[in-house]
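# Fold and contact review
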Amino acid sequence: MIRIGIRPSILAQRQAEEIIQMYKIQKYKIIKYKTAGDFDKKTPLSEVPDGSDFFTDTIERALLDGEIDIAVHSAKDLPGKIPDGLEIVALTQGINPYDAFVSRKNIFLEKLQRDSKVGVCSMRRKKQLANYNPYIKITDVRGNINERLQLLDNGIVDGLILAAAALMRLGLENRLTQFLPLEVFAPHPMQGRLAVESCSDNHRVREIFCEKSQVNQTL
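Analysis parameters
Residues numbered from 1 in each chain as written. Predicted model: local features only at pLDDT ≥ 70, side-chain atom pairs only at ≥ 80, totals over all residues. Heavy atoms only, no water. Helix = DSSP H or I, 4+ residues; strand = E, 2+ residues; numbered from the N terminus. Rg over C-alpha atoms; globule rule 2.2 N^0.38 Å. Buried < 20%, exposed > 50% of the residue type's maximum accessible area, 1.4 Å probe, protein only. Contact = heavy atoms within 4.5 Å. Areas by Shrake-Rupley, 256 points an atom, 1.4 Å probe, with all protein chains shown as cover. Lys, Arg positive; Asp, Glu negative; His and termini not counted. Charge placed at Lys NZ, Arg CZ, Asp CG, Glu CD. Pairing = 2+ DSSP bridges. Axes fitted to C-alpha atoms, helices over the stretch in contact; angles between N-to-C directions. Phe/Tyr/Trp six-rings, centres within 6.5 Å; stacked < 30°, edge-to-face > 60°.

## Overview of the overall build of the protein chain
Regarding its fold elements, the protein chain presents seven helices and 10 strands. Taken over C-alpha atoms, the radius of gyration comes to 18 Å for the protein chain, in line with the 17 Å a tight globule of 219 residues would show. Here the C-alpha coordinates of the protein chain stretch approximately 55 × 30 × 30 Å along the principal axes. Per-residue burial over the protein chain gives 49% buried out of 219 residues. The contacts of the protein chain with a sequence gap of at least 6 include a subset with a gap of at least 24, amounting to 73%. Summed over its atoms, the accessible surface of the protein chain is roughly 11,300 Å², and 48% of this surface lies on carbon and sulfur atoms. Here the protein chain contributes 31 positive and 28 negative side-chain charges, whose respective centroids are spaced 5 Å apart.

In structure tokens, the structure reads:
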């Protein structure tokens, strides 16, 4: 039995299922943990220090306390320094590196009217959007993908910039208005990739992920 720690979202569940299928894990139990980022949905991510454990803290503690055998993370959420005693045992290839634009009326980003509100959730995207069009009103948004899409559907924002991979994993490709050009909206280098984290001394896990894997890579 492999105990898998994840965040309490549909996307995290889909990511865990992807790892389970990829590594042919037969017996498993998924355990959900709220992280600091799940408890605090008001602080803009642009104010969260780079490399923090905002979305991994409680899950990594569960690993160290022996409550779970592995954690499945969005690779871009990994802290800048992996805690002592833990290691990344697998890093998948990304399914799609692009940022995507989603709009209520399926209008492309470049066609939005002046003062249209576009929701983003990172400093990177804020800077890129401001450079692309200084006349768009940039709005900080938080929450899971469905919660952010609800802000769009309720007219709080006119558009959203999201990771294309997240929409794909949730089966929401129909909401995607356009892929944003990489030369303008350079994505996070780990976008779309999944990371599997475990205790360094968990030899059973290492056999599954380090020796049998054809896709795992080192950070």
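## Here's the deal with unusual backbone geometry
Its identity as a non-glycine residue notwithstanding, Lys24 has a phi of 55°, on the positive side. For Lys24, a relative accessible area of 64% corresponds to the exposed category. The backbone of Asp115 shows a phi angle near 70°, a positive value even though the residue is not glycine. Relative to the elements of secondary structure, Asp115 occurs in the loop between β5 (99-103) and β6 (117-120). Using a relative accessible area of 43% as the deciding quantity, one classes Asp115 as partly exposed.

## Here we look at the sheet that holds strand β7 (residues 137-140)
Pairing in this open sheet of five strands is mixed, and the strands run β7-β6-β8-β5-β9 from one edge to the other. Strand pairing shows two members of the sheet lacking a second neighbour, β7 and β9 (178-179), which therefore form its edges. Note that β5 and strand β8 (residues 159-163) share five bridges and pair antiparallel. Residue pairing across strands places Phe101 opposite Ile161, the latter belonging to β8. In the packing of helix α5 (residues 145-153) onto the sheet, the strands contacted are β5 and β8, and the crossing angle to β8 comes to about 165°.

## Considerations on the packing of aromatic side chains
All told, the structure shown has four aromatic pairs when counted by the stated rule. The interplanar angle of 70° and the centroid separation of 5.1 Å between the aromatic rings of Phe54 and Phe55 together place this pair among those described as edge-to-face. Like Phe55, Phe54 is buried. Centre to centre, the rings of Tyr132 and Phe185 are 5.4 Å apart; their planes meet at 55°, and the pair counts as tilted. Here Tyr132 is found in helix α4 (residues 123-132), whereas its partner Phe185 is found in the loop between β9 and β10 (194-199), with 53 residues between them in sequence.

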